Amino acid sequence: MTTTPTLYEWAGGHEALLRLTQVFYDKVPSDPVLAPVFAHMSDKHREHVAIWLGEVFRGHSRYTDELGGYPAMLGHHLGLALTEEQRSRWAALIAQSADPAGLPDDPEFRSAFVAYIEWGTRIALSNSQPGATPPPEAPVPHWGWGEAPPYQP
């Protein structure tokens, strides 16, 4: 009996996701929409985003174990007042970074990848608004081949 690989496994694991974030964040400083958002990004930001994506795509649990899980990710977005233009540009630019990073180009993977990016960036946008009151505790979402699990307290 064969098992379906996780998105993390299919993507190529941590090294592939790190390539993705490196390609993406190499483009950010020259992007007029995103550069201001990431002007003071730490040297570890690329790695942390790769670790987040790894946990979301059902790989390791390093973001939870080492970096604080959902509450930490939430804390990075609270009060940023992101705009729809910034959200949309982030989603488009990371999707465009998948080919140069060497992520799988099959339609099934790309569909699941882009679906998570759209879903996640829309939540980040909402959570970043002044007065937003997202739940302070939630699990890191686990994304698969087409499902979008609703948060249930």
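A few points on the structure. (Residues numbered from 1 in each chain as written. Predicted model: local features only at pLDDT ≥ 70, side-chain atom pairs only at ≥ 80, totals over all residues. Heavy atoms only, no water.)

Axis separation between helix 2 (residues 13-27) and helix 3 (residues 45-56) bottoms out at 8 Å; the angle between their running directions is 135°. The angle between helix 2 and helix 3 places the two elements in the oblique class. For helix 2 against helix 3, the interelement crossing comes out right-handed. For the pair helix 2 and helix 3, the contacting residues are His14, Leu17, Leu18, Leu20, Thr21, Gln22, Tyr25 and Asp26 in the first and His45, Arg46, Glu47, Val49, Ala50, Ile51, Leu53 and Gly54 in the second. Each residue belonging to the contact of helix 2 with helix 3 can be placed in one class, and the counts come to eight nonpolar, five polar and three charged. (Axes fitted to C-alpha atoms, helices over the stretch in contact; angles between N-to-C directions. Helix = DSSP H or I, 4+ residues; strand = E, 2+ residues; numbered from the N terminus. Parallel < 35°, antiparallel > 145°, perpendicular 65-115°, else oblique. Left-handed = near helix turned anticlockwise from the far one by under 90°. Contact = heavy atoms within 4.5 Å. Nonpolar A, V, L, I, M, F, W, Y, C, P; charged D, E, K, R; others polar.)

Turning next to the packing of aromatic side chains. Evaluation of the coordinates by the stated rule reveals 11 aromatic pairs. With a centroid separation of 6.0 Å and 50° between ring planes, the pair formed by Tyr116 and Trp119 is classed as tilted. Residue Tyr116 and its partner Trp119 are located together in helix 7 (residues 107-127), separated by three residues, close to a single helical turn. Residue class for Tyr116 comes out buried when judged on its relative accessible area of 6%. Look at Trp119 and you get partly exposed, because its relative accessible area is 28%. Centre to centre, the rings of Tyr116 and Trp143 are 5.5 Å apart; their planes meet at 65°, and the pair counts as edge-to-face. Of this pair, Tyr116 sits in helix 7 while Trp143 is found in the segment after helix 7, placing the two residues 27 residues apart along the sequence. Put simply, the rings of Phe57, Phe109, Phe113, Tyr116, Trp119 and Trp143 touch in pairs and so form one group of aromatic residues. (Phe/Tyr/Trp six-rings, centres within 6.5 Å; stacked < 30°, edge-to-face > 60°. Buried < 20%, exposed > 50% of the residue type's maximum accessible area, 1.4 Å probe, protein only.)

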